[in-house]
Amino acid sequence: MYKFLVINVDELWLKGKNRPLYFKALKDHLKKVIKLYHPEGAKLAFDRQRYILSMHSGIPAGTIDGILKIPGIHSVNPALSVPSQFSAIYPVLREELQKIVGDKKATFKVITKRVDKRFPQSSMQVNCDLGGMILNEFPNLKVDVHTPEIPIHVKILDEQIYLTTKTLLGVGGLPCGMSGHLVTMISGGFDSPVASYLMSKRGCKQTFIFFYAYPFVGDEVKDKIIELLKKLGQYQKYCRLYIVPFGELQSQVAEACHAEYRTVLFRHAMVQTANLLADTIKADAILTGDALGQVSSQTMGNIALMDGSSKRPILRPLVGYNKMEIINLAKKIKTFDISVLPHDDACSMFAPKHPIIRPDRVYWQRLVCALDLTENIQKCLRESQVYQINPVGDLSQIDNFVTNTFKK
Amino acid sequence: MIYFDNAAATPMAPEVLAVLSVSFKEDFANPSAAHELGKNLFKRIEKARQDFLIWMDAVEEYHFTFTSSATESNNTIIKGLGLKADDAIFYFKGDHPSIVAPIHHLHGNFTQAFHEKCKLAVFTHINGQSGQLKDVVKLSKEIKEKNPNCWVHIDGVQGFAKYPLCLNQSTIDSYSLSSHKIRGPKGVAGLYIKKGKKISPLLEGGGQEHGRRASTQPAPLIFSFALAAELAFKRLQENHLRVLALNEYFKAKLLAVVPNVILPFADAGPYILTFIIPKLPSDVMLRHLQQNDVFMSSSSACSSKIKGFNETFSALGIAQKYHKNVFRISFGEQNNQGEVDQFFNYFKVHYKNLERLLR
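Here the structure is a predicted model, which means the values were calculated and not measured.

The rules behind the values
Residues numbered from 1 in each chain as written. Chains lettered and ligands numbered in written order. Predicted model: local features only at pLDDT ≥ 70, side-chain atom pairs only at ≥ 80, totals over all residues. Heavy atoms only, no water. Contact = heavy atoms within 4.5 Å. Salt bridge = Lys/Arg side-chain N within 4 Å of Asp/Glu carboxyl O. Polar contact = N/O pair within 3.5 Å; in protein donor to acceptor, adjacent residues only side chain to side chain. Axes fitted to C-alpha atoms, helices over the stretch in contact; angles between N-to-C directions. Helix = DSSP H or I, 4+ residues; strand = E, 2+ residues; numbered from the N terminus. Parallel < 35°, antiparallel > 145°, perpendicular 65-115°, else oblique. Left-handed = near helix turned anticlockwise from the far one by under 90°. Nonpolar A, V, L, I, M, F, W, Y, C, P; charged D, E, K, R; others polar. pLDDT = per-residue confidence, 0-100. Phe/Tyr/Trp six-rings, centres within 6.5 Å; stacked < 30°, edge-to-face > 60°. Buried < 20%, exposed > 50% of the residue type's maximum accessible area, 1.4 Å probe, protein only. Lys NZ or Arg CZ within 6 Å of the ring centre and 35° of its normal. Domains from an automatic or database assignment. Buried area = accessible area lost by both parts, 1.4 Å probe. Pairing = 2+ DSSP bridges. Core = buried A, V, L, I, M, F, W, Y, C linked by side-chain atoms within 4.5 Å.

Caption draft 1: Geometry of the interface of chain B and chain A. Residue-level contacts link 13 residues of chain B with 13 residues of chain A. The tally of links between chain B and chain A comes to 1 salt bridge. Ionic pairing is found between E255 of chain A and R356 of chain B, a salt bridge with its closest N-O pair at 2.9 Å. Applying the counting criterion to the chain B and chain A interface returns 6 residue pairs in polar contact (both at pLDDT 80 or more).

Here it is, written out as structure tokens:
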């Protein structure tokens, strides 16, 4: 285990005057994650636009995995540290190379980044000098400047020099919360978890809402949602899940319209509920896993209806994705194995034989004007179960403060 | 609460629970111990064993062994016979998993049609899903006529103490049963084996149960199981008639509410009633009813997690398009007509709503 971890940021470089705000958000997130893994504390330093995590006992792999899921982090390097002078580098590097290559044949390249320009040798000079020393002592190593098997990074920062041969990529993007707050409509399928992941990367804080159509569906779907949130919560800085009892409302809605409009009207009720929740928790937009044309409720016509019923923008990051592309991402973020488990879906249970694809706008307008769901939706939100998920993916049930907002 | 899932488990009879709680407190000694406490328990266990033999008219020709579950009893026979991998075994695909799984585990040469080379034949006395009754004495005789060396095992879990059966003079080699289906506690069960027949024990150790099943005997469970069985045998006829009336009453009400209901097993006994309501997912109804504190089953409890295709239903001849629409009501002697009325008060409302929503 390495005692140091160099944490490199992603798009924060692109920011101008508000860059400190982004760093502040990222640091806060980092600290919260580190605290969960190491309640006893660990040192987090800031050195030339990078964070350096140091722990005397070494940094465990689990901690590194957790850090890699923090949006805004480009990559990390488990590293060795030497004092900021050239002569200190080689003895430590030699020991490290003996440990990782020994007598095996391999190619390498020294890549020096001299951030501290007060350092006497130039980057190129450090590359050449160190390379020469390595070649002298390790006959089994050869230089390959294009695709080295062992890239040896020498990062010369203000305080220390960090040596590392390993780069682990993070999710990248922007720090959590810097791009606003979303109400994420989550189901047990493949799409919505992937949509959530994509918007986590883009710096969105999320509050999840699940429409639980019990007793039309069983509790296995709720268990699935909870398992999914254990994964998705790791890309968030403490988020919440609202499990909204929707069975009663769904059966009312089913009877309010022509059968072929049922599915769209359910979606309408869900969007209304998500908006009402957004009102109380001050969220900015709604997030769904819609992909254009994937099912009948995701046709252009029906997407337009939903946008018309929502007072907030509806983000659909998967709109242009094919199913296989979505599934590949689901595998990458490890939600696939959960989403693939079979469960009953209330929408398909109520689904008409021929769902409407090109809705009649006049009928629809009359329908939604005549249908005031506010009171029923408030009741649903009042009766929701609320969970908090920490960045390690642990859930705990918390009080539903919405109950107070919508007191009868 | 209205509980119509007695084929899965029954509530303990109050008398049984009373005996159990006293016995748990007092009968803590080890029945194999050399002191008086142990010896007394041993004697009482032997008395219970004798009672089980008497109730099934098996005193002369059978041993009775206490086990922990009917699953263990079934496994004891299938694994204890010393069958070889290519020995033919006859059984029915709709049997309980505690029969089907160990047979498949043996990689046996299993068959759905009996032939003379079969070394083991398994029959279920009352099928747990369909409630259909088999004349196991007659079937056993037919098997032995074709092959006297074939072992005949009966899974009697749903039939024991509900349907009369005399083991003496039958050609049945073994018969398994369970306590929690007859208002006794869970964790205790039994196995009748014909005298002179050899079965290697599943559990070896301290030689309890006359060497047929090692393990410290759970005296309190055995005593309360024996009481539950005693009550059931005493009231066998009376219970049977009452449950039959209840079953008829239920069916009449069901037909009135759901005219297109399918009753696939006309020859079923009274304790289990399986029906199909086309297009109505049974687990959805199950959850609606459970909100009213009403409990029933949508398929055999051990397989209800499987969605879509159900091996047992298929073996029983239920078309796959109905596998999600199967309901099972199983009565206990404690159920009454008032409960059936109350059941239909709820059922009718849910049925009307669901029918409208799901059509």
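After that view, the rundown keeps rolling.
Caption draft 2: Up close: the packing of helix α3 (residues 86-100) of chain A against helix α4 (residues 123-137) of chain A. All names here are of chain A. Relative orientation of the contacting elements α3 and α4 amounts to 45°, with a least axis distance of 11 Å. The angle between the axes of α3 and α4 places the two elements in the oblique class. Classified by chirality, the crossing of α4 by α3 is right-handed. Note on element contacts: α4 touches α3 through V126, D129, L130, M133, I134 and E137, opposite F86, I89, Y90, L93, R94, L97 and Q98. Counted by class, the contact of α3 with α4 contains 9 nonpolar, 1 polar and 3 charged residues.

Caption draft 3: Structural detail: the confidence of the model for chain B. Residues and elements named next belong to chain B. Counting all residues, the mean pLDDT for chain B is 93, and 96% of those residues have values of 70 or more. Confidence over residues 300-306 falls short of pLDDT 50; this stretch has 7 contacts with residues more than four positions distant or in other chains. Here the complex is predicted with pTM 0.86, and the ipTM for its interfaces comes to 0.78.

Caption draft 4: Inspection of the packing of aromatic side chains at higher detail. Residues and elements named next belong to chain B. Counting across every chain of the model gives 35 aromatic pairs over all chains. Aromatic pair F160 and F233: ring centres 5.2 Å apart, planes at 80°, arrangement edge-to-face. Of the two residues, F160 is situated in the loop between β6 (151-155) and β7 (174-178) and F233 in helix α6 (residues 219-234); the sequence distance between them amounts to 73 residues. Across the pair, exposure class does not vary: F160 and F233 are buried alike. With centroids separated by 5.1 Å and ring planes inclined at 5°, the aromatic side chains of F275 and F327 adopt a geometry described as stacked. Residue F275 is found in strand β9 (residues 272-276), and its partner F327 is found in strand β11 (residues 326-330); the two are separated by 52 residues along the sequence. Accessibility classification places F275 together with F327 in one group, the buried group. Members of the aromatic cluster, each reached through a chain of ring pairs, are F4, F250, F275, F327, F331, F343, F344, F347 and Y351. For the cation-ring pair, K134 lies above F92, with the distance from its terminal atom to the ring centre recorded as 5.1 Å. Stacked on the ring of Y271, the Lys or Arg K162 has its end atom at 5.3 Å from the ring centre.

Caption draft 5: Examining the domain arrangement of chain A more closely. All names here are of chain A. Per the domain assignment, the segments making up chain A are domain 1 (1-77), domain 2 (85-156) and domain 3 (181-405). Opposite the 10 residues of domain 1 that make contact, domain 3 presents 11 residues. The junction of domain 1 with domain 3 conceals about 970 Å² of combined surface from both sides, 61% of it contributed by carbon and sulfur atoms. Of all residues in domain 1, L36, K69 and P71 bury the most surface against domain 3, accounting for 52% of the area lost on that side. For the pair domain 1 and domain 3, the number of links is 2 salt bridges. The closest approach of N and O atoms between K237 and D28, which form a salt bridge, is 3.1 Å.

Caption draft 6: Layout of the sheet that holds strand β14 (residues 314-315) of chain A. Residue and element names in this part refer to chain A. One open sheet holds the 7 strands; their spatial order is β14-β13-β10-β11-β12-β15-β16, and the pairing between them is mixed. Whereas interior strands pair on both sides, the edge strands pair on one side only; in this sheet they are β14 and β16 (395-398). Sheet topology note: the strand β11 (residues 205-212)/strand β12 (residues 239-245) ladder contains 6 bridges and is parallel. For T207, the partnering residue across the bridge sits in β12 and is R240. Contacts from helix α5 (residues 191-201) reach β10 (181-185), β11, β13 (285-287) and β14, with the element oriented near 165° to β11.

Caption draft 7: How the structure looks around the environment of F295 of chain B. Residue and element names in this part refer to chain B. Take F295: it is sitting in strand β10 (residues 294-295). For F295, a relative accessible area of 27% corresponds to the partly exposed category. Sequence spacing of F295 and R328 is 33 residues, and the spatial spacing of their C-alpha atoms is 10 Å.

Caption draft 8: Region of interest: the domain arrangement of chain B. Residue and element names in this part refer to chain B. With domains assigned, chain B is organised as domain 1 (2-8 + 236-358) and domain 2 (14-234). With centres defined by C-alpha atoms, the gap from domain 1 to domain 2 works out at 29 Å. The interface of domain 1 with domain 2 comprises 25 residues on the first partner and 22 residues on the second. Both faces combined, the contact of domain 1 with domain 2 buries some 2,000 Å², and carbon together with sulfur accounts for 54% of it. The largest contributions to the domain 1 side of the interface with domain 2 come from L236, I272 and L316, which together make up 29% of the buried area.

Caption draft 9: Here's a closer look at the nonpolar core. Counting 117 residues, the largest nonpolar core has L241 of chain A together with F250, F343 and F347 of chain B as the members making the most contacts within it. When residues in this core are grouped by element, the largest group, 11 residues, is from helix α8 (residues 262-281) of chain A. Excluding anything up to four places from it in sequence, F343 of chain B contacts I2, F4, F250, L289, V294, M296 and I329 of chain B.

Caption draft 10: View of the pairing of β7 of chain B. Residue and element names in this part refer to chain B. Of all the 5 residues making up β7, 5 are buried; the element is thus mostly covered by neighbouring parts of the structure. With 5 bridges connecting them, β7 and strand β8 (residues 189-194) associate as antiparallel partners. If you follow Y175 over to β8, its bridge partner there is Y192.

Caption draft 11: A look at the pattern of salt bridges. All names here are of chain A. Scanning the model with the defined rule gives 35 salt bridges over all chains in all. In this structure, E137 engages R94 in a salt bridge whose closest nitrogen and oxygen atoms are separated by 3.5 Å. With E137 in helix α4 and R94 in helix α3, this residue pair connects regions lying 43 residues apart in the sequence. With relative accessibility at 36%, the residue E137 sits in the partly exposed group. Where R267 meets D290, a salt bridge forms, and the shortest distance between an N and an O atom there is 2.8 Å. One end of the pair, R267, is in helix α8; the other, D290, is in the loop between β13 and α9 (300-309), and 23 residues separate them in sequence. Here D290 falls in the buried class, since its relative accessible area comes to 2%. One connected set of salt bridges, linked through shared partners, spans R48, D116, R118 and D158.

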